[in-house]
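The lines below spell out each chain.
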Amino acid sequence: MGSTFSQRTNYRPPIGHGGKPLPARPSSICQLCWEGPFAAHLGLFEAPVTDPALQDKDDLTGGYSYWTSWAGLESRAAAGCLWCQFLLALYRKQPIRFKGPIGRMKRFRVTVRRCSDDIATTFGRPVHTKLIRVIIDDTVGFSGYVYAAADNPAGESIVARAPILDIGSPRSLALARSCIAKCVHGHVHCTALSIDALDPRLPSRVIDCTNPGRPRLVSTGGARGRYVALSYVWGEDQPHKTTSANVYAYTDGIDPTCLPKTIRDAIKVTHALGYQFLWIDTLCIVQDSDEDKQHELGRLHDTYRYAFLTIIAASAQKVSQGFLEDRPTPVRSTNLDLFSGDITLPFICPSTTPRLAAGYTVGHTLVPRMGEVHISVLPRAYDYLSEPTSTRAWCLQEYLMSPRSLLFTSETLLFRCQTSTESVGGSFHLSVFEPRLPDVLFYPKASPDQAQSKICSDMREWTQLHLAWLEILVDYTSRKLTNPSDKLVACGAVAAAFQRVLHSDYLAGLWRDTLLDDLLWYNGREGSFLSRPEMYRAPSWSWASVDGGVQVRWRHAWQDSIAKVVKCEVTLKNAELPFGEVSAGFLVLCTALIRVVVRRGEIGGGHPAIYLQTTRQASRWKGHIWVTGEEIEVHTAAPGNLAYIDSVHIDCEADSELKRLWIAPIRRYFELGKNYEVIDGLVVTLASKSPRSAQNVRPRLYHRVGYFSVCETSFVQAGWNTRDMGSVRIRLV
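Because the structure is a prediction, the values reported are computed rather than measured. In this convention, every chain numbers its residues from 1, walking through the sequence in written order. The predicted nature of this model means local features are confined to residues of pLDDT at least 70 and side-chain atom pairs, given and counted, to a pLDDT of 80 or more, with totals for whole chains, interfaces and linings taken over all residues. Side-chain descriptors were evaluated using all non-hydrogen atoms of the structure, hydrogens and water having been removed beforehand.

Attention shifts here to the overall build of the protein. A run of H or I in DSSP counts as a helix once it spans at least four residues, and a run of E counts as a strand once it spans at least two, with each numbered from the N terminus. A count of helices and strands for the protein gives 20 helices and 35 strands. Think of it in three bands: residues with accessible area under 20% of the maximum for their type are buried, residues over 50% are exposed, and the middle band is partly exposed, with areas taken using a 1.4 Å probe on protein chains only. Looking at the protein residue by residue over its 733 residues, the buried ones come to 53%. Residue contacts are defined here by distance: any two heavy atoms, one from each residue, within 4.5 Å place the two residues in contact. Excluding contacts between residues fewer than 6 apart, the proportion of contacts in the protein whose partners are at least 24 apart in sequence is 70%. Total accessible area computed for the protein in this model is approximately 33,000 Å², and 52% of it derives from carbon and sulfur atoms. Values of accessible area rely on a 1.4 Å probe in the Shrake-Rupley scheme; residue burial ignores everything except the protein chains shown.

Dropping the structure here:
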């Protein structure tokens, strides 16, 4: 039974569209709107509800529609109706149609309805968020979403909530615990990817957060248990990191006032969530011990993979900044007069739950309950690349390898797992681009390898897995490293996860089974160059040999190889770190080697232009540099001996000034929709230092200096038969 609204037996509640009784109309809404769109719950729940005058309209797809005029709307808005004020503001964005006395009296149709559920289900959370759309005649005037407070009657049918701004409060962390519990106990997908019934082995050292006022360093000795890991940006030195001098003192306790704020915040969150152990690199790795670093780096892929939860301090630019401060109120202007932010409206609750269906009684009439909702413009899709952690190379593998994480973003608090990403507390969250590792990389090691065998035996599945690696590579290479020698080390955990499934040799960032495809990386930033570190880091054919973001050419279904890999080897600096630093490497290819000239600034946008020697010139030079012992300077060759073929991607600026350049074709593929074939490959030069053999003969060694991709017809026009260009063995270092 509902509660009694009034004791006056002669009182009758207002009647809305379809004869439904309504709660008493608030003064903020006019009678026309209350008995129309508000009685229809703003068109968010019901099947198409239309004004009888619109029954013959075939283009109405749902919601509630009614007719009004500019003059009527203006009058009701002046009387204080919030909905009419909202519509009036929409009309003022297109005033020409309603100018003059005739335009002001002209009737037009207003439709209010929900958007397609596919948008909220595919890109947003919660999945049943009500997206609202207001249409003026046939023009969409407004698109947004509706949210309500959890303790408001409208909150039972409107699932989205206001974003959490006090992300470090007990309330917010309690909501975060609920998200974790829902994942652990309710996500079938995440459960299938969990390690096993037993807790994992703890890292070598963890921080005991039982007493946040006196955390201490614990050596675990191979014990099992749950632990939390921290991912954050150092951004500056940490004077109180663990070293050989203080490691034993830290086992007695650590003065938290000596720790930077991000570390203190992580200890606080770990304790508040109910966990005892926290892993932080600066405290759990002895920072001045190469032996300890190598040991811990060797198992870093397990550290984040088996953490019960990872705390990601996404908003902190440096370790002293912290990440628990209140977030600013989001500014999501409607660009409408009188409405600088979200719009608050009364709401007649639909009979979607037994409690709402009970309503309350007025005399002997059952009346729906009334609540309050807020209408907001759609938030911009969350871009994790905008956060400080997304500029740092180390943070990528920590983000990807964590099966469950709390993201303390610049705007709110998010929970991420292998099932979904959602806002803690249930605010509407849009996510369009969000990288995730393929599920197969999370399968427990102890489980049968059926899925992994399928990946390795099914070429299409294998290709998709390789594509996932290349997408990660593009993201990773755009990030920064404090120590340039960490280029391969900082993505070693992700590489180890892929290798466990691909079962392919890892060669300084490339895979043996897809080596020809993996060679075809190039500078991803237009108008700029990559750079090479002063100290050797990787062979020139590896993306790890340069600094800066690279792009890759995806594998094509219709392609064939021109080159052949004869041999490829790398030498590890430390044999115990197969995904770590390398000290040397070489690649022997069997392919054509064609002399070219590269000239800067001849193509729009500043791209270097590549000129191919004609077959006549190649015949004169016999495909080599030396003719009767003298070097031929190609850049002085007559124009008739060179044919422009395309622009080229030169890796580093200094390389564009080189005079001795060749192209080494790698593959040929058919460009879909363009009806022609493309040949792409490497631009190479002679290595500056080629060691002499025992017979005092200097073998030809080449460096990669760029990438080319040209239409096959350019080769044909220069007189080359692309099906028989000849081949030589070249050794790239």
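Turning our attention to helix α9 (residues 261–272). In an α-helix, one turn spans 3.6 residues, which is why side chains three or four residues apart end up on the same side. Expected span of a helix, by definition, is 1.5 Å for each gap between consecutive residues, and there is one gap fewer than residues. For α9, with 12 residues, the first-to-last C-alpha span of 16 Å sits near the 16 Å given by 1.5 Å per residue. Restricting attention to buried positions, one finds in α9 the residues Thr 262, Ile 263, Asp 265, Ala 266, Ile 267, Val 269 and Thr 270. Against α6 (170–186), β8 (228–231), β9 (277–279), α10 (281–284), β10 (309–312) and β15 (404–408) lie the buried residues of α9. A positive backbone phi angle near 95 degrees is found at Gly 274, which sits one or two residues after α9.

What follows concerns the layout of surface pockets. Put simply, the largest pocket is a space of about 1,000 Å³. What lines the largest pocket is a set of 35 residues, and nearest its centre among them are Gln 287, Lys 293, Trp 394, Asn 483 and Asp 486. Elements with a contribution of two residues or more to the lining of the largest pocket: β8, α11 (290–298), α12 (300–305) and α14 (393–401). The definitions used throughout rest on a 1 Å grid laid over the protein atoms alone, on which a cavity is an enclosed set of points accommodating a 1.4 Å probe that cannot get out and a pocket is an open set flanked by protein within 12 Å on both sides along at least five of seven lines; lining residues are those having an atom within 4 Å of a point. Grid points are joined across faces, edges and corners, and a volume is the space filled by probe spheres set on the points.

This part covers the pattern of salt bridges. Any Lys or Arg side-chain nitrogen located within 4 Å of an Asp or Glu carboxyl oxygen qualifies as a salt bridge. For the coordinates displayed, the defined rule picks out 20 salt bridges. Lys 573 serves as the salt-bridge partner of Glu 581, at 3.2 Å between the closest nitrogen and oxygen.

Turning our eyes to something else, we now look at the pairing of strand β2 (residues 107–114). Among the 8 residues in β2, 6 count as buried, and that is most of the element. One ladder, built from 6 bridges, connects strand β1 (residues 64–69) with β2; its direction is antiparallel. Within β2, the position partnered with Ser 65 by the bridge is Thr 111. Two strands make a pair as long as DSSP finds a minimum of two bridges between them. Strand direction decides the pairing type here: β2 and strand β4 (residues 130–136), joined by 5 bridges, are antiparallel. When the bridges of β4 are listed, Val 112 appears paired with Val 134.

The axes used here are C-alpha line fits, helices contributing only the stretch in contact, and every angle between their N-to-C directions lies in the interval 0 to 180 degrees. Contact geometry of α14 with helix α17 (residues 492–502) gives a least axis separation of 8 Å together with a crossing angle of 40 degrees. As far as their axial angle goes, α17 and α14 are oblique. Within the contact between the two elements, α14 uses Gln 397, Leu 400 and Met 401 and α17 uses Gly 492, Ala 493, Val 494 and Ala 497. Looking at the contact of α14 with α17 residue by residue, the classes come out as 5 nonpolar, 2 polar and no charged. Oblique is the label for any angle not under 35 degrees, not over 145, and not in the 65 to 115 range, which are roughly parallel, roughly antiparallel and roughly perpendicular in turn. In this classification, the charged set is Asp, Glu, Lys and Arg, the nonpolar set is Ala, Val, Leu, Ile, Met, Phe, Trp, Tyr, Cys and Pro, and all remaining amino acids, among them Gly, are polar.

Let us look at the environment of Val 319. Looking at the secondary structure, you find Val 319 in the loop between β10 and β11 (343–348). Along the chain, Val 319 and Leu 259 lie 60 residues apart, while their C-alpha atoms are 9.4 Å from each other. Ignoring anything within four residues of it in the chain, the contact list for Val 319 reads Tyr 232, Val 233, Trp 234, Glu 236, Gln 238, Pro 260, Lys 261, Thr 262 and Ile 263.

The next point concerns the packing of aromatic side chains. Under the pairing criterion, centres of Phe, Tyr and Trp rings, with the six-membered ring standing for Trp, must be within 6.5 Å; the plane angle then separates stacked pairs below 30 degrees from edge-to-face pairs above 60, leaving the rest tilted. Using the criterion set out here, one finds 20 aromatic pairs in the structure. Ring geometry for Tyr 275 against Phe 308: centres 5.5 Å apart, planes inclined by 55 degrees, an arrangement best described as tilted. Taken as a pair, Tyr 275 in the loop between α9 and β9 and Phe 308 in the loop between α12 and β10 lie far apart in primary sequence, 33 residues in all. The class of Tyr 275 is buried, set by a relative accessible area of 17%.

To continue, consider the sheet that holds β10. Strands sit in the order β7-β6-β9-β8-β10-β15-β16-β17 across an open sheet of 8 strands; the sheet is mixed. Either end of the sheet is taken by a strand with one partner, and the two such strands are β7 (216–219) and β17 (421–423). On average, each strand axis in the sheet is tilted by 30 degrees relative to the strand beside it, whichever way the strands run. Pairing analysis gives 2 bridges linking strand β6 (residues 205–208) to β9, with the strands arranged antiparallel. Each bridged residue has a counterpart across the sheet, and for Ile 207 the counterpart in β9 is Leu 278. Sheet strands touched by α6: β10, β15, β16 (413–417) and β17. Its angle to β16, the strand with the most contacts, is close to 15 degrees.

Below, the discussion takes up the sheet that holds strand β14 (residues 370–377). On the basis of which strands lie adjacent, the open sheet formed by 6 strands has the order β1-β2-β4-β5-β14-β11 and antiparallel pairing. The outermost strands of the open sheet, each flanked by one partner alone, are β1 and β11. Averaged over neighbouring strand pairs, the angle between their axes works out to 30 degrees when direction is ignored. Here helix α2 (residues 70–78) sits on the sheet and contacts β1 and β2; the angle it forms with β1, its principal contact strand, is near 95 degrees.

On to the environment of Arg 512. Take Arg 512: it is sitting in the loop between β20 (510–511) and α18 (515–518). Distance in space between the C-alpha atoms of Arg 512 and Val 565 is 9.4 Å, their sequence separation being 53 residues. Setting aside anything within four residues of it in sequence, one finds Arg 512 in contact with Ser 504, Asp 505, Leu 507 and Cys 568.

What follows covers the pairing of strand β35 (residues 728–732). Where strand β25 (residues 582–591) and β35 come together, 5 bridges link them in antiparallel fashion. Across the sheet, Cys 590 pairs through a bridge with Arg 729, a residue of β35. Both strand β34 (residues 701–711) and β35 contribute to a ladder of 2 bridges, which runs parallel. Within β35, the position partnered with Tyr 702 by the bridge is Leu 732.

With that settled, consider the nonpolar core. One finds Phe 408, Phe 498 and Trp 543 to be the most contacted residues of the largest nonpolar core, which totals 127 residues. The biggest single contributor to this core is helix α16 (residues 459–477), with 9 residues. Excluding residues that lie within four positions of it along the chain, Phe 498 makes contacts with Leu 437, Pro 438, Leu 441, Leu 465, Ala 468, Trp 469, Ile 472 and Trp 511. As used in this record, nonpolar core signifies buried Ala, Val, Leu, Ile, Met, Phe, Trp, Tyr and Cys residues forming a set joined through side-chain atoms within 4.5 Å.

Interpretation note: all reported values are geometric properties and have no functional meaning in isolation.
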